Amino acid sequence: MGGGMETNKNKFIEDWSTARENLEHNFRWTRRNLFIAGIFGIAVPILVYRGIVKEFHMQDEDAGRPYRKFI
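**Q** For this particular structure, what's the right way to read the overall build of the protein chain?
**A** Counting secondary structure elements, the protein chain contains three helices and zero strands. When the helices and strands of the protein chain are listed from N to C terminus, the series reads α-α-α. For the protein chain, whose C-alpha radius of gyration is 25 Å, the value lies well above the compact-globule estimate of 11 Å for 71 residues. Along the first, second and third principal axes, the C-alpha atoms of the protein chain reach 75 × 40 × 15 Å. Working note: accessible area of the protein chain is about 7200 Å², and carbon and sulfur atoms make up 61% of it.

The structure is reproduced here in structure tokens:
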């Protein structure tokens, strides 16, 4: 029904997709990977948490309430 519609594969796209499919087999921990995991897995969540707590403390101060305890 849909004959004669063969496509030409792009070698570069095929190589890229093969690398993406096998990423978990070829991954290696390096200093750079550990650094990035530390930044986005530890430092960013801590900074976001501290910013949220600071905002709550500012609201408590404006309302004349004592600071709330978080964790």
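**Q** I tried to follow the pattern of salt bridges on my own but got confused; where do I start?
**A** Pairing between side chains becomes possible if they bear opposite charge and their charged atoms approach one another. Applying the stated criterion across every chain, the model contains three salt bridges. Taking the shortest distance from any N to any O, the salt bridge between Asp60 and Arg68 comes out at 3.2 Å. Relative accessible area serves as the criterion here: at 0%, Asp60 is assigned to the buried category. According to the relative accessible area criterion, Arg68 is partly exposed, its value standing at 38%. Put simply, Asp60, Arg65 and Arg68 are held in one network by salt bridges that share partners.

**Q** How should the packing of aromatic side chains be read in this particular structure?
**A** Given two aromatic rings, one states the distance between the centres and the angle between the planes to describe the pair. Across all of its chains, the model carries two aromatic pairs by this definition. Look at Phe27 and Trp29: their rings are 5.2 Å apart centre to centre, the planes differ by 85°, and that puts the pair in the edge-to-face class. Owing to a relative accessible area of 43%, Phe27 belongs among the partly exposed residues under this scheme. Ring centres of Phe56 and Phe70 lie 5.4 Å apart, and the angle between their planes is 40°; on these two criteria the pair is classed as tilted. Here Phe56, found in helix H3 (residues 31–63), pairs with Phe70, found in the segment after H3; they are 14 residues apart in sequence, far enough to count as distant. Residue Phe56 is classed as partly exposed on the basis of its relative accessible area, which comes to 30%. Looking at Phe70, the relative accessible area reads 31%, which means it is partly exposed.

What counts as what
- Residues numbered from 1 in each chain as written.
- Predicted model: local features only at pLDDT ≥ 70, side-chain atom pairs only at ≥ 80, totals over all residues.
- Heavy atoms only, no water.
- Helix = DSSP H or I, 4+ residues; strand = E, 2+ residues; numbered from the N terminus.
- Rg over C-alpha atoms; globule rule 2.2 N^0.38 Å.
- Areas by Shrake-Rupley, 256 points an atom, 1.4 Å probe, with all protein chains shown as cover.
- Salt bridge = Lys/Arg side-chain N within 4 Å of Asp/Glu carboxyl O.
- Buried < 20%, exposed > 50% of the residue type's maximum accessible area, 1.4 Å probe, protein only.
- Phe/Tyr/Trp six-rings, centres within 6.5 Å; stacked < 30°, edge-to-face > 60°.

That is the geometry; function is a separate question.
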